[in-house]
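# Notes for the structure review
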Amino acid sequence: MAGDYHIKRNKALHIRLLVLSLLGAGVSIYYYLERLIGASFFMMLLTSMITIFFLFVVFTSSKMLLNRKPALSLTKTGLIDYVSLASAGEIPWKEIKSVKFEHYINSQQILIALHHPEKIIENLSYMKRKMVHQQLEDTGAIIVINPKMIHGKPQEIVNKIKRRAKI
């Protein structure tokens, strides 16, 4: 078996999010300060919530840009997932049940099903657990990767995972 294979993150998506959220936060703060006197309580509250949302996106996109871990790694022992919603970490090859490149939520996605998905689901936060469980119900896969989040040809990645997992 070949050595480790690392798939990098697509940072362009996070750069766009960072720029747009900085712009949105700037406009929201400017509007808030401009309307500070004389604006209705509802508009000030709404502007504050929008600003908080944009600042949250600034924080998360900055965090993703600073993350140096590869999105996926294929090692001798298994697959390491740092990019999917489940962020499953290391998964032994024998745990992988199937890998597909199929249509899900309006685009092609890499879908990875596991023999014991509950081990990963139980360690997730409440919101992530609900969303990953829904993915599992919809597709049978716990790891769903949008190809826009990674560098590489999706079908090639699927084939590499299949070969290493011996599916």
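Our subject is the structure that appears above.
So, a few notes on the structure that sits alongside this text. (Residues numbered from 1 in each chain as written. Predicted model: local features only at pLDDT ≥ 70, side-chain atom pairs only at ≥ 80, totals over all residues. Heavy atoms only, no water.)

## Here we look at the overall build of the protein chain
A tally of regular secondary structure across the protein chain gives five helices and seven strands. Each helix (α) and strand (β) of the protein chain, taken in turn from the N terminus, gives the series β-α-α-β-β-β-β-β-α-α-β-α. With the principal axes as the frame, the protein chain shows a C-alpha extent of 70 × 30 × 25 Å. Counting over 167 residues, the protein chain shows a buried share of 38%. When contacts within the protein chain are restricted to residue pairs at least 6 apart in sequence, long-range pairs at least 24 apart make up 62% of them. Of the roughly 10,400 Å² of accessible surface on the protein chain, a fraction of 64% belongs to carbon and sulfur atoms. Measuring between centres, the 23 positive side-chain charges of the protein chain sit 7 Å from its 11 negative side-chain charges. (Helix = DSSP H or I, 4+ residues; strand = E, 2+ residues; numbered from the N terminus. Buried < 20%, exposed > 50% of the residue type's maximum accessible area, 1.4 Å probe, protein only. Contact = heavy atoms within 4.5 Å. Areas by Shrake-Rupley, 256 points an atom, 1.4 Å probe, with all protein chains shown as cover. Lys, Arg positive; Asp, Glu negative; His and termini not counted. Charge placed at Lys NZ, Arg CZ, Asp CG, Glu CD.)

## Focus on the layout of surface pockets
Using a probe with the size of a water molecule, rolled over the atoms, empty space left in the structure can be pinpointed. The volume enclosed by the largest pocket comes to roughly 820 Å³. In terms of lining, the largest pocket is formed by 26 residues, of which the most central are M64, V83, S84, L85 and K128. Within the residue set of the lining of the largest pocket, elements represented by two or more residues are α1 (11-34), α2 (41-66), α4 (126-139) and β7 (143-145). Tallying contributions element by element places α2 first for the lining of the largest pocket, with seven residues. Partitioned by chemical class, the residues of the lining of the largest pocket number 13 nonpolar, nine polar and four charged. (1 Å grid on protein atoms, 1.4 Å probe; cavity = no way out; pocket = protein on both sides within 12 Å on 5 of 7 lines; lining within 4 Å. Points joined across faces, edges and corners; volume = space filled by probe spheres on them. Nonpolar A, V, L, I, M, F, W, Y, C, P; charged D, E, K, R; others polar.)

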